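Topology and contacts: notes
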Amino acid sequence: MKSKWNIKKFSYDIFIDIVGGVLIGLGIYNFAANAEFPLAGVSGLALILYRLFNIPIGWGTIALNIPIVIICFKTLGKEFFARSIRSLIISSLITDYVVTLLPVYSGDRMLAALCTGIFSGLGYALIFMNHSSTAGMDFVCVAIHSKHPHISLGKIVFSIDCAVVLLGGAIFKDVDATIYGLIISYFLTVVIDKITYGINSGKIALIVTDEGQKVANMIDEHVGRGSTILRGYGSYTGVEKDIVMCASNNKEMYTIREMARKADEKAFVIIMESNEVLGEGFGEEIQ
């Protein structure tokens, strides 16, 4: 049974790497390379080598990753390291030998930039959600953060990405392409975040009321969502209150708000954005 499960899981991982690799390859080769955009990360450096010396992007990515892998090996877990190497090899080979068989876009540069961000972002998000990566600057960022934990990971990623894009722009002396490259870096990050966290995003309501159970029952009856009732008290009055916490998708929150006010006209309702909600009734994390 365990052996069968391992084969199934391994097949699923390979499938995700292939789909993610195709999307990443499309973004890099079929849109960014022809439009001569400087990109962030190791892919951006490989793109520079491709334009200067006609070195295949995939093989350039693998070659550039060799010293990174050697330096960062000790700071990464063995399982994550192995999965990342597999994803790196598959995505690199697809970039050189699969997407090159497809048509290359040669239209408007802004559309090319948007497609680069969308396709690459979707590909990276699929791989990240499967607890893997494509090595490269991901390894470098994790290694730097482990040595200097006081520096946020976001600042490290942003700094390295900007440095690589600006390097590409300086080498080829194309200001417009540099601006497009920065736009792609931002857009790609947004797409990754939306796919990684946005699928299970929603809202959370915190309802401060004297009728906690009544509010919870109304929500359950009209929306079908369970609630958690917390106990609190007013800091000024010292009066005890119920705090009904309920998570839902965006469409259901309007009804939850109306039911809370219907159950208790004096209820104090706070509605907040939630990046991700997991558990019964919501999406489950990919194992």
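Residues numbered from 1 in each chain as written. Predicted model: local features only at pLDDT ≥ 70, side-chain atom pairs only at ≥ 80, totals over all residues. Heavy atoms only, no water.

Points about unusual backbone geometry
It is generally the case that most residues other than glycine have a negative phi and that most peptide bonds are trans. Operational definition: Secondary structure follows DSSP: runs of H or I at least 4 residues long count as helices, runs of E at least 2 residues long count as strands, and numbering of each begins at the N terminus.
Even without a glycine there, the phi angle at Glu-36 is positive, about 60 degrees. With respect to the helices and strands, Glu-36 occurs in the loop between helix 1 (2–35) and helix 2 (41–53). In this structure, Lys-173 takes a positive phi of about 50 degrees despite not being glycine. Mapped onto the elements, Lys-173 comes out in the loop between helix 7 (153–172) and helix 8 (175–198).

Some words on helix 4 (residues 78–97)
Operational definition: To estimate how far a helix should extend, the number of its residues minus one is multiplied by 1.5 Å. The classification of residues rests on relative accessible area computed with a 1.4 Å probe and restricted to protein chains. Under 20% of the type maximum is buried, over 50% is exposed, and intermediate values are partly exposed.
For helix 4, which comprises 20 residues, the first-to-last C-alpha distance of 29 Å matches the rise-based estimate of 28 Å (1.5 Å per residue) to within 8%. Along helix 4, the residues classified as buried are Phe-81, Arg-83, Ser-84, Arg-86, Ser-87, Leu-88, Ile-90, Ser-91, Ser-92, Ile-94, Thr-95 and Asp-96.

Quick word on the sheet that holds strand 1 (residues 202–209)
Test applied: Paired strands, in this sense, are two strands between which DSSP finds at least two bridges. Note on geometry: axes are C-alpha line fits, over the in-contact stretch for helices, and angles between N-to-C directions span 0 to 180 degrees. Any two residues whose heavy atoms approach within 4.5 Å are treated as being in contact.
Spatially, 2-3-1-4 is the arrangement adopted by the four strands of the open sheet, whose pairing is antiparallel. Looking at strand neighbours, the two that pair on one side only are strand 2 (228–233) and strand 4 (268–274), the edges of this open sheet. Adjacent strand axes in the sheet meet at a mean angle of 25 degrees when their direction is disregarded. When strand 1 meets strand 3 (residues 240–248), the two strands line up antiparallel, connected through seven bridges. Residue pairing in the sheet places Leu-206 in a bridge with Met-245 of strand 3. Across the sheet, helix 9 (residues 212–223) touches strand 1, strand 2 and strand 3, and the angle it forms with strand 3 is around 15 degrees.

Focus on the pairing of strand 3
Consecutive side chains of a regular strand alternate in pointing toward one face of the sheet and then the other. The sheet contact formed by strand 2 and strand 3 spans six bridges and is antiparallel. Within strand 3, the residue paired with Gly-232 across the bridge is Lys-241.

Brief notes about the packing of aromatic side chains
So the rule is basically this: Stacked, tilted and edge-to-face pairs are distinguished by plane angle, under 30 degrees for stacked and over 60 for edge-to-face with tilted covering the rest, among Phe, Tyr and Trp rings (Trp via its six-membered ring) whose centres lie within 6.5 Å. Look at NZ for Lys and CZ for Arg. If either is within 6 Å of the ring centre and within 35 degrees of the ring normal, a charge sits over the ring.
One pass over the structure, following the stated rule, counts five aromatic pairs. Here the aromatic rings of Phe-31 and Tyr-105 are separated by 5.5 Å at their centres, their planes lie at 35 degrees, and the arrangement is tilted. Placement of Phe-31 in helix 1 and of Tyr-105 in the loop between helix 4 and helix 5 (109–129) is noted, with a sequence separation of 74 residues between them. Overall, Phe-31 belongs to the buried group, its relative accessible area being 12%. Where Phe-37 meets Tyr-180, the ring centres are 5.3 Å apart and the plane angle is 50 degrees; that geometry is what we call tilted. Remark: Tyr-180 occurs in helix 8 and Phe-37 occurs in the loop between helix 1 and helix 2; sequence separation between them is 143 residues. Three or more aromatic residues joined by ring pairs make a cluster, and in this case those are Phe-31, Tyr-105 and Phe-119. Just above the ring of Phe-172 sits the side chain of Arg-51; from NZ or CZ to the centre is 3.6 Å.

Some remarks on the side chain of Asp-264
Quick note on the threshold: By the criterion applied in these results, polar contacts are pairs of N or O atoms within 3.5 Å in which, for protein atoms, one can donate a hydrogen and the other can accept it, and in which residues neighboring in sequence qualify only through two side-chain atoms.
Summarising the element assignment, Asp-264 is placed in the loop between helix 10 (250–263) and strand 4. One polar contact links the side chain of Asp-264 to the main-chain amide nitrogen of Asp-210, over a distance of 3.5 Å. With sequence-adjacent residues up to four places away left out, Asp-264 is seen in contact with Thr-209, Asp-210 and Glu-211.

The analysis is restricted to geometry; functional conclusions fall outside its scope.
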